[in-house]
Amino acid sequence: MSPDSKLSTALDTFDRTHFGALLLVVGIAVAGYGVYDYTQQSDAVADAVTVNATITDTGVERISRRRSSPDYKPTVAFDYRYRGESYTAHNVYPATITPSYDTKSKARSVIDGYETGDSVTAYVSPGSPSDGFLEAETTDEPLKFVLLAGGALILIGGKHVVDGLGWT
């Protein structure tokens, strides 16, 4: 084997291993964020206080996806006051990672009953008063994110590390 081919093989191993390690770190971070978001929304629901709110806008947003049909996300905006301060929020649920739906009608059904100008009860976590939400319930979307995105990156990264180190 020539010195050039030995160097090329060493660089391939180095690149594959480091690329895999990077994917592992990103996958762990993504999974960690999903777990954090799930915990945060559970805490927000447990600590929530009610406020009077006014719906200012509703709709359904089309989310384009690469290799498949689009998903849809319900959108809502509402104004409220908490401890003398005015806020506008856009959250149906307390999680940052929110559900999307495969049809426009399913997304619309989430916000049925919320019409522009309506007075409604909203919820506020005292620790984050600007992050009001309309439904005092958790969603499993952050956990799906952990399993799908984080899990896939961890598996792919792990395979690259194992292959790069020659542990196969």
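Before reading further, recall that the structure is shown in the block above.
No experiment lies behind these values; they were computed from the predicted model shown.

**Focus: the packing of aromatic side chains**
Applying the stated criterion to the full structure yields three aromatic pairs. Measuring from centroid to centroid gives 5.5 Å for Tyr80 and Tyr87, while their planes differ by 20 degrees, and the two rings are stacked. The same class applies to Tyr80 as to Tyr87, namely buried. Chaining the aromatic ring pairs together yields one cluster made of Phe78, Tyr80 and Tyr87.

**Focus on the pairing of strand β4 (residues 119-125)**
In terms of strand pairing, strand β1 (residues 49-63) meets β4 through six bridges, oriented antiparallel. Paired with Val49 across the strands is Val124, a residue of β4. In terms of strand pairing, β4 meets strand β5 (residues 128-133) through two bridges, oriented antiparallel. Counted as the bridge partner of Tyr123 is Phe133 from β5. Between the end of β4 and the start of β5, which pair antiparallel, lie two residues.

**Observations concerning the layout of surface pockets**
Gaps between atoms show up when a probe of the same size as a water molecule is rolled over them. For the second largest pocket, the calculated volume is near 200 Å³. What lines the second largest pocket is a set of 13 residues, among which Lys73, Pro74, His90, Val92 and Thr98 lie closest to the centre. Its residues assigned to classes, the lining of the second largest pocket comprises seven nonpolar, five polar and one charged.

Scoring rules and cut-offs
- Residues numbered from 1 in each chain as written.
- Predicted model: local features only at pLDDT ≥ 70, side-chain atom pairs only at ≥ 80, totals over all residues.
- Heavy atoms only, no water.
- Phe/Tyr/Trp six-rings, centres within 6.5 Å; stacked < 30°, edge-to-face > 60°.
- Buried < 20%, exposed > 50% of the residue type's maximum accessible area, 1.4 Å probe, protein only.
- Pairing = 2+ DSSP bridges.
- Helix = DSSP H or I, 4+ residues; strand = E, 2+ residues; numbered from the N terminus.
- 1 Å grid on protein atoms, 1.4 Å probe; cavity = no way out; pocket = protein on both sides within 12 Å on 5 of 7 lines; lining within 4 Å.
- Points joined across faces, edges and corners; volume = space filled by probe spheres on them.
- Nonpolar A, V, L, I, M, F, W, Y, C, P; charged D, E, K, R; others polar.

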